[in-house]
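What follows is the residue order along each chain.
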Amino acid sequence: DVIKVWEGLGYYSRARHLHAAANYLVEHFNGELPNQEEELKKIKGLGPYTIGAILSFAFHQKKGAVDGNVIRVLTRYFGIKDDISKPTTVKQLRLLIETLLPDHEPWIINEALIELGATVCQRKSRCHICPIKSSCVSFKDAEVENIPFNSKKIKIEQLYRSVAVIQCDSHLLVKRGQKGAIMSDLYEFPYFEETKERFSSTNLRSKVAKYFALNVVEQEVLKEVKQGFTRYQAHLYPILFSCQQLQEIEGYVWLSYQKLKQLAFSSGHRRIFQQIGDLLQLT
């Protein structure tokens, strides 16, 4: 139920951790969040930023909430060129912010730094409207675009996948992601990795026959769908096929359109599923 509500947002591990955390809090703290850092560290899914944010905003403690926005503000303002991909650098920034926070209403400064990073000190900086640029080291030194320094910038890898949407009566063939996998618990249609963007429907039909022993008939070439996850950009090329028999296939299940409406798909395959509903006028 949680995953279905979360559907399309990505980062599904967060939803699972929220659910586990809720159970933990009910079991150990009568459903209330503890106000001690050491107790919060025991709750699944809570990292340093979230713990800092809870202590600051929920309990008004003098504790820094250092997210990516705040990291940009601090490194640029103080001209810090250390590698932010290293835990030691981030730890130093957490210590730094706690020396900056006032004793009176420190959470307001926390929120101000987060908002400054989110709206002004963005990846593409907007220094012309920044209220603190006159004392910003990187602005004075014309180093804003070089800070923060991250030696481990993620390179997006392109994936090309042909997707076989196979219909039999009012049922569709789908697979549920395995526990621990990237798409854990999410449903997807059968797909095959392609080496390039172009492929033929004949080739896809041959793969369906080879791997599923299904004799299918092409019905419609659907619109391309793009799906981003972790460090990948997947290009999905779906084709709707029909077949005459609900043949059992290992690792896959045949589910009705009505049943699938209640289940959670990965974001790309959800958009393919929506195309099917529109095309077949299913409700």
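In what follows, the structure referred to is the one given above.
Position labels on residues start from 1 in each chain and follow its written sequence. Whole-chain, interface and lining totals are the exception, using all residues; otherwise, since this is a predicted model, local features are given only for residues with pLDDT of at least 70 and side-chain atom pairs are given and counted only at 80 or more. Side-chain numbers here rest on the full set of heavy atoms in the structure, without hydrogens or water.

A. Quick peek at the overall build of the chain. A run of H or I in DSSP becomes a helix once it reaches four residues, and a run of E becomes a strand once it reaches two; helices and strands are each numbered from the N terminus. In terms of helices and strands, the chain carries 11 helices and eight strands. Computed over its C-alpha atoms, the radius of gyration of the chain comes to 25 Å, more than 25% above the 19 Å expected for a compact globule of 283 residues. Principal axes of the C-alpha set define a box for the chain whose edges measure 70 × 50 × 30 Å. Exposure categories follow from relative accessible area, calculated using a 1.4 Å probe and restricted to protein chains: below 20% of the type maximum is buried, above 50% is exposed, and the middle band is partly exposed. Residues counted as buried form 40% of the 283 residues belonging to the chain. The charge count includes Lys and Arg as positive and Asp and Glu as negative, but it does not include His or the ends of the chains. To locate a charge, the coordinates of NZ of Lys, CZ of Arg, CG of Asp or CD of Glu are taken. If the 38 positive side-chain charges of the chain are averaged to one point and the 31 negative ones to another, these points end up 5 Å apart. Every radius of gyration here is taken over C-alpha atoms, with the globule rule written as 2.2 Å times N^0.38, N being the number of residues.

B. Representation of the environment of glutamate 193 within the structure. Here glutamate 193 shows up in strand S4 (residues 191-194). For glutamate 193, a relative accessible area of 44% translates into the label partly exposed. The spacing of glutamate 193 and serine 162 is 31 residues in sequence and 6.6 Å in space, taken between C-alpha atoms. We call two residues contacting when some pair of their heavy atoms lies within 4.5 Å. In contact with glutamate 193, other than residues within four places in its own chain, are Leu159, Tyr160, Arg161 and Lys207.

C. Region of the structure containing the packing of helix H5 (residues 68-78) against helix H6 (residues 87-100). Packing of H5 against H6 brings their axes to within 11 Å, and their N-to-C directions diverge by 80 degrees. Taken together, the axes of H5 and H6 lie roughly perpendicular to each other. Between H5 and H6, the contacting residues are Val70, Ile71, Leu74, Thr75 and Phe78 on the first element and Val90, Leu93, Leu96, Ile97 and Leu100 on the second. Residues are grouped as follows: nonpolar covers Ala, Val, Leu, Ile, Met, Phe, Trp, Tyr, Cys and Pro; charged covers Asp, Glu, Lys and Arg; every other residue, Gly included, is treated as polar. Across the contact of H5 with H6, the residue classes tally to nine nonpolar, one polar and no charged. To get an axis, a line is fitted to the C-alpha atoms, and for a helix only the part in contact is used. The angle between two axes follows their N-to-C directions and goes from 0 to 180 degrees. Angle categories are assigned with fixed cut-offs, so that under 35 degrees is roughly parallel, over 145 is roughly antiparallel, 65 to 115 is roughly perpendicular, and the rest are oblique.

D. Region of interest: unusual backbone geometry. Look at the link from isoleucine 147 to proline 148: it is a cis peptide, with omega at 0 degrees. Topologically, proline 148 is positioned in the loop between helix H8 (137-140) and strand S1 (157-168). Phi at aspartate 169 takes a positive value of approximately 55 degrees, unusual for a residue other than glycine. Mapped onto the secondary structure, aspartate 169 falls in the loop between S1 and strand S2 (171-176). Positive phi, normally seen in glycine, also occurs at aspartate 185, with a value near 70 degrees. Mapped onto the fold, aspartate 185 is located in the loop between S2 and strand S3 (187-188).

E. Spatial organisation of the packing of H5 against helix H7 (residues 106-119). Two elements in contact, H5 and H7, have axes separated by 7 Å at closest approach and are oriented at 90 degrees. As judged from the angle between their axes, H5 and H7 are roughly perpendicular. Residues Asn69, Val70, Arg72 and Val73 of H5 pack against Leu113, Ile114, Leu116, Gly117 and Ala118 of H7. Each residue belonging to the contact of H5 with H7 can be placed in one class, and the counts come to six nonpolar, two polar and one charged.

F. How the structure looks around the environment of alanine 53. Relative to the assigned elements, alanine 53 resides in helix H4 (residues 48-58). Along the primary structure alanine 53 and leucine 263 are separated by 210 residues, whereas in three dimensions their C-alpha atoms are 33 Å apart. If we ignore the near neighbours within four places in the chain, the residues touching alanine 53 are Ala58 and Ala65.

G. Representation of H7. The terminal C-alpha atoms of H7 lie 20 Å apart, and with 14 residues this matches the ideal 20 Å at 1.5 Å per residue to within 8%. Listing the buried residues of H7 in full gives Pro106, Asn110, Leu113, Ile114, Leu116 and Gly117. When H7 is viewed along its axis, its buried side chains cluster within an angular range of 160 degrees and face the same direction. In this structure, the buried residues of H7 make contact with H4, H5 and H6. To estimate the expected span of a helix, count its residues, drop one, and scale the result by 1.5 Å. Here the arc refers to the set of directions running from the helix axis out to each C-beta atom.

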